[in-house]
Amino acid sequence: MSPSQPKTQAPVLYVAKGATVTHMGREYQVLRVVDLNQVLAREPSSNEKVLLQIGTLEAPARLTPTRANHTERDLEAVSQEDWEIAENRLTLLEPLLSPRRDRSREDYRRVGEEAGVSVATIYRWVADYRATEALSVLLPIRRSGGRGKSRLSPEVLLILQEYIKGKFLTLQKPTPAAAAREIRRLCSNAKIEPLPAATTIYRHLDWISEQVKLKRREGVKVAREKYAVHKNPVPNAEWPLAHVQMDHTLLPVMIVDDEHRLPIARSWITLAIDSFSRVCLGLYLSLDSPSAMSAGMCVSHAILPKESWMARLGCGDIEWPFYGAMDILQMDNAREFRGNMLRVAAKEYHIDLHLRPVKVPHYGAYIERLMGTVSEGLKTMAGATFSDPKEKGVYDAEGNACLTIDELEKWLVLFFSRYHRDIHTGIGTTPLAKWREGILGTKTQPGRGLPARRSDTEKLRIDFMPFEERTVQDYGVVLDGLHYFHDVLRPWMNTQDPEEPKLKRKFRFRYDPRDISVLYFFDPNAGRYFAIPYRDTSLPPVSMWEFRAARKQAADLGMTHYDERALFELINRQRAIEEDSAVKTKAARTARQKRVQHAKARKATKADLPTVSGVVPTQAPPVLNGYDPAKIRPLDDDE
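Residues numbered from 1 in each chain as written. Predicted model: local features only at pLDDT ≥ 70, side-chain atom pairs only at ≥ 80, totals over all residues. Heavy atoms only, no water.

Colleague: What exactly am I supposed to notice about helix H9 (residues 292-303) here?
Modeller: Think of an α-helix as turning once every 3.6 residues; residues three or four places apart then point the same way. With 12 residues, H9 ought to run about 16 Å at 1.5 Å a step, and its terminal C-alpha atoms sit 17 Å apart, in line with that. Along H9, the residues classified as buried are Met293, Ser294, Ala295, Gly296, Met297, Cys298, Val299, Ser300, His301, Ala302 and Ile303. (Helix = DSSP H or I, 4+ residues; strand = E, 2+ residues; numbered from the N terminus. Expected span 1.5 Å × (residues − 1). Buried < 20%, exposed > 50% of the residue type's maximum accessible area, 1.4 Å probe, protein only.)

Colleague: I would appreciate a short explanation of the sheet that holds strand E3 (residues 20-23) in the present structure.
Modeller: Whether parallel or antiparallel, the strands of a sheet pair through hydrogen bonds between backbone atoms. Spatial ordering of the open sheet is given by E3-E4-E5-E6, a layout of 4 strands whose pairing is antiparallel. Taken across any chain shown, the strands that pair with only one partner, and hence form the sheet edges, are E3 and strand E6 (48-53). Across the sheet, the mean angle separating the axes of adjacent strands is 45° when strand polarity is ignored. Where strand E5 (residues 38-43) meets E6, 6 bridges bridge the pair, whose relative direction is antiparallel. Across the sheet, the residue bridging to Gln38 is Gln53, located in E6. (Pairing = 2+ DSSP bridges. Axes fitted to C-alpha atoms, helices over the stretch in contact; angles between N-to-C directions.)

Colleague: Just checking my understanding: could you explain the packing of aromatic side chains for this structure?
Modeller: How two aromatic rings sit relative to each other is set out by the distance from centre to centre and by the angle between their planes. For the structure shown, the criterion picks out 15 aromatic pairs. Consider the rings of Trp309 and Trp320, whose centres lie 5.3 Å apart with planes at 80°: the pair is edge-to-face. Note that Trp309 is positioned in helix H10 (residues 307-312) and Trp320 in the loop between H10 and strand E11 (328-331), a separation of 11 residues in sequence. Accessibility assignment for this pair places Trp309 and Trp320 in one class, buried. Just above the ring of Tyr366 sits the side chain of Arg278; from NZ or CZ to the centre is 3.8 Å. Here the guanidinium or amino end of Arg453 rests over the ring plane of Tyr323, the centre of that ring lying 5.3 Å away. (Phe/Tyr/Trp six-rings, centres within 6.5 Å; stacked < 30°, edge-to-face > 60°. Lys NZ or Arg CZ within 6 Å of the ring centre and 35° of its normal.)

Colleague: Looking at this model, I keep getting lost on the environment of Ile439. Mind explaining?
Modeller: Along the polypeptide, Ile439 turns up in helix H16 (residues 431-440). The sequence separation of Ile439 and Leu241 amounts to 198 residues, and the corresponding C-alpha distance is 9.7 Å. Excluding its chain neighbours within four sequence positions, the residues that come into contact with Ile439 are Leu36, Pro240, Gly447, Arg448, Gly449, Leu450 and Pro451. (Contact = heavy atoms within 4.5 Å.)

Colleague: Help me understand the pattern of salt bridges in this model?
Modeller: Here the idea is simple: oppositely charged side chains can pair when their charged atoms come close. If you walk through the whole model with that rule in mind, you get 20 salt bridges. As a salt-bridge pair, Arg421 and Glu319 come within 3.4 Å of each other at their nearest N and O atoms. Pair noted here: Arg421 is in the loop between helix H15 (405-419) and H16 and Glu319 is in the loop between H10 and E11, with a separation of 102 residues, a long-range link. Arg421 gets classed as partly exposed once you look at its relative accessible area, which sits at 36%. (Salt bridge = Lys/Arg side-chain N within 4 Å of Asp/Glu carboxyl O.)

Colleague: What should I look at first to understand the pairing of E5 in this one?
Modeller: On any regular strand, side chains alternate: one points to one face of the sheet, the next to the other face. Across 5 bridges, strand E4 (residues 26-35) lies against E5 in antiparallel orientation. Note on E5: the bridge partner recorded for Gln29 is Arg42. The hairpin turn running from E4 into E5, its antiparallel successor, is 2 residues long. Linking E5 to E6, which pair antiparallel, is a turn of 4 residues; within it Asn47 sits at a positive phi near 65°.

Colleague: Would you mind going over the packing of helix H4 (residues 154-168) against helix H5 (residues 176-189) with me for this structure?
Modeller: The geometry of a pair of packed helices is captured by two quantities: the angle between their axes and the separation between those axes. Between H4 and H5, whose axes approach to 10 Å, the crossing angle comes to 135°. Taken as axis vectors, H4 and H5 run oblique relative to one another. In this structure, the crossing between H4 and H5 has a hand that is right-handed. Side by side, H4 and H5 meet where Val156, Ile159, Leu160, Tyr163 and Phe168 of the first sit next to Pro176, Ala178, Ala179, Glu182, Ile183, Leu186 and Cys187 of the second. A class-by-class count of the residues in the contact of H4 with H5 yields 11 nonpolar, no polar and 1 charged. (Parallel < 35°, antiparallel > 145°, perpendicular 65-115°, else oblique. Left-handed = near helix turned anticlockwise from the far one by under 90°. Nonpolar A, V, L, I, M, F, W, Y, C, P; charged D, E, K, R; others polar.)

Colleague: Any chance you could explain the nonpolar core here in plain terms?
Modeller: Among soluble globular proteins, nonpolar side chains are generally buried collectively. Of all hydrophobic cores here, the largest spans 88 residues; its most connected members are Leu251, Leu271, Trp320, Leu408, Phe416 and Phe464. Here this core takes 8 residues from H15, the largest share from any one element. Discounting chain neighbours no more than four positions away, the residues touching Trp320 are Cys280, Leu283, Lys306, Trp309, Met310, Val413, Phe416 and His420. Grouped together as the second largest cluster of nonpolar side chains are 30 residues, Phe509, Val542, Leu567 and Leu570 included. (Core = buried A, V, L, I, M, F, W, Y, C linked by side-chain atoms within 4.5 Å.)

Colleague: Can you walk me through the confidence of the model for the protein chain in this structure?
Modeller: For the protein chain, the average pLDDT comes to 78, and 79% of its residues sit at 70 or higher. Counted against residues more than four places away or in other chains, residues 1-7, with its pLDDT under 50, gives 9 contacts. Between residues 63-71, whose pLDDT stays under 50, and residues either more than four places distant or in other chains, the model counts 29 contacts. (pLDDT = per-residue confidence, 0-100.)

Colleague: Would you mind showing me how to read helix H6 (residues 198-206) here?
Modeller: Restricting attention to buried positions, one finds in H6 the residues Thr200, Ile201, His204 and Leu205. The arc that holds the buried residues of H6, viewed along the axis, is 140°, so those residues lie on one side. (Arc of directions from axis to C-beta.)

Colleague: Teacher, can you tell me more about the side chain of Glu546 here?
Modeller: Relative to the assigned elements, Glu546 resides in helix H18 (residues 544-556). When neighbours within four sequence positions are excluded, Glu546 is seen to be in contact with Ile571, Arg575 and Arg595.

Colleague: Even after reading the chapter, I still don't get unusual backbone geometry, so can you show me in this structure?
Modeller: Trans is the prevailing form of peptide bonds, just as negative phi is the prevailing case for residues other than glycine. In this structure, Pro194 follows Glu193 across a cis peptide bond, with omega equal to -10°. Note that Pro194 resides in the loop between H5 and H6. Residues other than glycine seldom take positive phi values, yet Asn47 does so here, at roughly 65°. In this structure, Asn47 sits in the loop between E5 and E6. Of note in this structure, Lys191 is not a glycine but carries a positive phi near 60°. Position of Lys191 relative to the elements: it lies in the loop between H5 and H6.

Written as structure tokens, this is what we have:
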């Protein structure tokens, strides 16, 4: 190994019989999986056999990837055509990815012949995908010419695409051979030389997924019969992580603020349930209304192991061994589920998103029942709001409220710990036992094996954050009137769009709405994310909602000309008023508690995200003059 090829930890750890893992810096070979959280392993150097907790294991060190797109990629910039190529490659590789038995070179050779690549390439694809479980490692590498770039001219591509749309994806169902003959004839009529090779046309036709073909040729109903979720009442839920449902609900219990322990509001929860076992795979609790961020946080929580989260809550002694990327994620048609962020991130982790059709009753039954179970459990808590006035009677929910949002989150962990160990009538056993059966297998049915454990927490969390597209100017980048800058942006200042030279190139900047003091910029040259701070680093961290509320307040005060420092001075004064009135008003306490929760979220995820370095703070912001602090008031719940 050369000095230029340092060893790094693989982002994904597979725990299965025969796998190599590390524990406390020493390598072991897994002999067998004993339970969901324990393996029997052997240290090759000493031949000693030991029992190891899965939560303490790490992926073995390996050489840095030899493949260019094994690094992070700007996922939104990937074309639909390239995603379809990657998905087709993964379909071909699936027989080789099962850890249940060894594969022979003949197996790899057959797949290589079908994919039209060498055996060595198939070995590399399998190794890259198993190391990351990211679909992007199978994307074609686009270079200016050479292998991996379409050999068809723009004119031929136009003819081919029009033929696919108008003839190939129709009830006529022409064969690939007939399609190639017709496309070559059309190219000949257009005097295009040389004519495209039939094998090249076949390759382009193969990139069209079978689901798209069936939908266009036979209709949506027929495609749904084969591919969609609708039978028994959920098809394809034959093993853990095959099918997951997710939704939001407003919990029926009033909570109190941290400082005064006075009632503030009800909190929102986003839940994800595994349809096979009914375990709660992920959750996200917030005082903020449902958004793309809460959906992304719940998905990332479902994918990641739970040990560090449980330890933070003081529940490290409780078993919650449920994690992993799901095959199908089903949600309703709410706006936060239909954005580009979730769609593109789902492609990277090979998650098939299913949006619940309107007026289709068999969708969403499991998640609705789970949310109902949680709501029923909370009715026994002090501060419960109940579902209707008759049920509530004369009970004073606000007067009896006693839980903070952190205490509510811990209560939910304990609640689900019991839920996972109680008999579920829908499956005839406990969710924990059902998950264990699906993972480890039974005497008559093999298990799917332990899900891959991800260690690339930084990338996963950022991939599930919302984003905005902006140009990079001499002064940096502007988002919602806030200026951001870091030296890493300098090479991209005023760069032209490669496809539209008259326009400036736009880049995607991801952000956490709970803390907009930092943006996350994907550098195309470095192939990784960088943290871009405020240009004026003396400004305090705020949430997107708090900043936009300050802009509205400025407009209400008649401020037509102001800079970001003036807005932050408004925020500071509004915070001071909220602190003073927190004992008196529920809205002020709610606003203050939201800030507290956002600050806790920043602290909890700080280790998982890129850090800001090399930034020199500017001078402190000036005092805002000409405005009476008494005129600045906290916003109410509607605002």
